[in-house]
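Okay, here's what each chain looks like letter by letter:
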Amino acid sequence: MRAAVQHETGQDKLEVLDDVEAVGFGPGKVRMRIRATGLCHSDLSAMNGVLPQPAPFVPGHEGAGEILDVGDGVTGLDRGDRVLMCWLPACGSCPSCRRGQTHLCLAGFMNAGTPNFRRPNGDVFGFAGTGTFAEEVVVDAHCAVPIPDDVPYEIAALIGCGVTTGLGAAINTAKVTAASSVAVIGCGGVGISVIQGARACGAAQIIAVDPVPARREAALRFGATEAVAPEEFADAKARITAGEGFDYVFEVVGKSATARTAYEMTRRGGTLCVVGAGAMDDTFQVNMFELFFDEKRILPSLYGGGDALRSYERAIALWRAGRIDLEGLITHRVQLAEINDALDQMRSGTSLRTCIEI
C-alpha cells in the first residue's frame, strides 16, 4: 500500500512509497482504511524534531475512514463502520481515567514506541502511534470512534485533533465566560478553532494575533472582532482593555517567547491558556514575585482538556447547529502524492487546514 514516509528526523520532504505494509493486527485491534486526513502543525513538529518521534515514521494523526477488519475481543465496531481517529485514546482504568481526566491517559502514548508499519528493509513507526498519511493503518480499537453518517470524512478528520483541541481549550480548559475579552496568538487551524470556541462561549471581544495577513482575514470570518499583527498587539491591549490586559489569552504557537507575550497581555487575575506544543528545551519563565502578585492562572491544555468522546459529540452538535464552521477551515485539498505541497502550504501560512484525500 501507499504511505508517506519520513526517513530521518529533520528532513523537510516526505517520500510517498508503495511498499509499506500496516502491521500489528490481532486481538483488540482494528484495521482502518484512511479516506481523509488533515495536516496538523504537530506533524511538522515531529518531522523537524521539536516533538519526539522515532524514525522512520509515517506522519499524520488527524484522520477518518472506515473499518476494514476487527480483531478478537473488539466490541462496538464492525467492518464498514465510518470512524475518526483518536490519537489519544483512554484506557478507562488508569488513575487519570478514574479521576475523570481521560485526556491525560498514557495508554495511547505507549503505542508510539511500537512500529505499526513495515517496509521490505525494516520497521516503520506511525506518528503518535497512528500514522494517517497512509492508505491503511492498524490501531487499538479505542482509537477508532464511530461517526454519524452525515459527517463527511474530511470534517471528521478535523474533529479528530485540531477542532477538538481548539474548541476544548476555550470551553473545557479556560472556561471562557460571556462578555469577556479574549486574545488568541497564532491563528492556524487550532487557533481559529479557539476563536470559534470563545465565540460559542459568548466572549465580547476576540482579538486574533498573527503575522500572516491571510490568517488575520480568516480569523475575522470565523468570529474574531479584530485581527492584528504581532507588532500591533500592545496597541490593541491599550485600546480595548484600557491597558489592563485581556481576561483570557491563548498561546497557540508553542514557543516560550509567545507564551511570555501572552502572559504580559493577560490582566491580573486573568487566564493564560497554553495550547501550542513546544520543544522540551524551550523554557517558559516567570519570576516568583509576579507569579504571586499578579495571580494570573497559567493553564496548559492538552487535546482540549476534556473527555475526547464528549468533545467530538459537542463539535458535531455545534457544527450541525451552524454555531461553528468546519468546512471553511479546509482551505486546500491535495492527493497523497502531493503531500509535500501541503507541507509547503502550512509552512508558508497560506493554509488553515489542508485535506489530504487518500
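In this text, all values refer to a predicted model and were calculated from it rather than measured experimentally. (Residues numbered from 1 in each chain as written. Predicted model: local features only at pLDDT ≥ 70, side-chain atom pairs only at ≥ 80, totals over all residues. Heavy atoms only, no water.)

### Re the overall build of the protein chain
In step 1: Of regular secondary structure, the protein chain possesses twelve helices and 19 strands.
In step 2: For 358 residues, the compact-globule formula gives about 21 Å, and the C-alpha radius of gyration of the protein chain, at 20 Å, lands near that figure.
In step 3: C-alpha extents for the protein chain along the principal axes are approximately 60 × 40 × 40 Å.
In step 4: By the burial criterion, 54% of the 358 residues in the protein chain qualify as buried.
In step 5: Here the analysis covers contacts within the protein chain between residues at least 6 apart in sequence; of these, 69% occur between residues at least 24 apart.
In step 6: For the protein chain, the accessible area works out to roughly 14700 Å², and carbon and sulfur atoms hold 51% of it.
In step 7: Positive and negative charge centroids in the protein chain, built from 32 and 43 side chains respectively, lie 5 Å apart. (Helix = DSSP H or I, 4+ residues; strand = E, 2+ residues; numbered from the N terminus. Rg over C-alpha atoms; globule rule 2.2 N^0.38 Å. Buried < 20%, exposed > 50% of the residue type's maximum accessible area, 1.4 Å probe, protein only. Contact = heavy atoms within 4.5 Å. Areas by Shrake-Rupley, 256 points an atom, 1.4 Å probe, with all protein chains shown as cover. Lys, Arg positive; Asp, Glu negative; His and termini not counted. Charge placed at Lys NZ, Arg CZ, Asp CG, Glu CD.)

### Remarks on the side chain of Arg 353
In step 1: You can see Arg 353 is positioned in strand S19 (residues 353–357).
In step 2: When sequence neighbours within four positions are dropped, the list of residues in contact with Arg 353 reads Leu 39, Cys 40, Glu 62, Leu 158, Gly 162, Gly 189, Val 190, Leu 329, Ile 330, Thr 331, His 332 and Met 346.

### Regarding the pairing of strand S18 (residues 330–335)
In step 1: Pairing between S18 and S19: five bridges, direction parallel. Of the residues in S19, the one forming a bridge with Gln 335 is Glu 357.
In step 2: Crossover connection from S18 via helix H12 (residues 339–348) to parallel S19: handedness right-handed. (Pairing = 2+ DSSP bridges. Right-handed = clockwise from strand over helix to strand, strands pointing away.)

### Comments concerning unusual backbone geometry
In step 1: For the bond running from Ala 55 to Pro 56, omega is 0°, close enough to zero to count as cis.
In step 2: With respect to the element layout, Pro 56 can be found in the loop between helix H1 (41–48) and strand S5 (57–58).
In step 3: Although it is not a glycine, Ala 128 adopts a positive phi angle of roughly 55°.
In step 4: Residue placement: Ala 128 occurs in the loop between strand S9 (122–126) and strand S10 (136–140).
In step 5: Phi at Ala 242 is positive, roughly 55°, even though this residue is not glycine.

### Observations regarding the nonpolar core
In step 1: Among the nonpolar cores identified, the biggest contains 99 residues, and Phe 133, Ile 159, Val 182, Ile 195 and Phe 250 are the most heavily contacted of them.
In step 2: No fewer than three residues from each of domain 1 (1–160 + 304–355) and domain 2 (165–298) sit in this core.
In step 3: Residues in contact with Ile 159, not counting those within four places in the same chain, are Leu 84, Thr 164, Tyr 312, Ala 315, Ile 316 and Leu 326.
In step 4: In this structure, Val 209, Ala 236, Phe 246 and Val 249 belong to the second largest nonpolar core, which totals 13 residues. (Core = buried A, V, L, I, M, F, W, Y, C linked by side-chain atoms within 4.5 Å. Domains from an automatic or database assignment.)

### Comments concerning the pattern of salt bridges
A pair can form between side chains of opposite charge whenever their charged atoms are brought close.
In step 1: Counted under the stated rule, the structure contains 19 salt bridges.
In step 2: Measuring nitrogen to oxygen at the nearest pair gives 3.0 Å for the salt bridge that ties Arg 119 to Asp 19. Of this pair, Arg 119 sits in strand S8 (residues 117–119) while Asp 19 sits in the loop between strand S2 (15–17) and strand S3 (21–22); the two residues are 100 residues apart in sequence, bridging distant segments of the chain.
In step 3: By relative accessible area, which is 16% here, Arg 119 ends up buried.
In step 4: For Asp 19, a relative accessible area of 29% translates into the label partly exposed.
In step 5: Note that Glu 357 is salt-bridged to Arg 333, the shortest N-O span being 3.4 Å. Highlighted residues: Glu 357 in strand S19 and Arg 333 in strand S18, separated in sequence by 24 residues.
In step 6: Under the relative-accessibility criterion, Glu 357 is labelled partly exposed at 29%.
In step 7: On the basis of relative accessible area, Arg 333 is assigned to the partly exposed category, the value being 46%.
In step 8: Put simply, Lys 13, Asp 344 and Arg 347 are held in one network by salt bridges that share partners. (Salt bridge = Lys/Arg side-chain N within 4 Å of Asp/Glu carboxyl O.)

### Section: a nonpolar patch on the surface
In step 1: A cluster of nonpolar residues, Phe 289, Phe 292 and Phe 293, forms a patch on the protein surface that exposes about 390 Å² of accessible area.
In step 2: Exposure remark for Phe 289: the relative accessible area of 56% places this residue in the exposed category. (Patch = residues over 30% accessible without salt bridge, like charges linked within 9 Å, V, L, I, M, F, W, Y side chains within 5 Å.)

### Remarks on the domain arrangement of the protein chain
Accessible area lost during the coming together of the parts is what is often quoted as the interface size.
In step 1: As assigned here, the protein chain comprises domain 1 (1–160 + 304–355) and domain 2 (165–298).
In step 2: Distance between the C-alpha centres of domain 1 and domain 2: 27 Å.
In step 3: Counting residues at the interface gives 19 residues for domain 1 and 24 residues for domain 2.
In step 4: Interface of domain 1 and domain 2: buried area, both sides summed, is about 1700 Å²; carbon and sulfur atoms make up 58% of it.
In step 5: A per-residue breakdown of the area domain 1 buries against domain 2 is headed by Gly 304, Arg 314 and Leu 352, which together make up 30% of the total.
In step 6: Applying the counting rule to domain 1 against domain 2 returns zero salt bridges.
In step 7: At the junction of domain 1 with domain 2, the criterion picks out six residue pairs in polar contact (both at pLDDT 80 or more).
In step 8: Considering each element in turn, the side of domain 1 that touches domain 2 owes the most residues, three residues, to helix H11 (residues 308–320). (Buried area = accessible area lost by both parts, 1.4 Å probe. Polar contact = N/O pair within 3.5 Å; in protein donor to acceptor, adjacent residues only side chain to side chain.)

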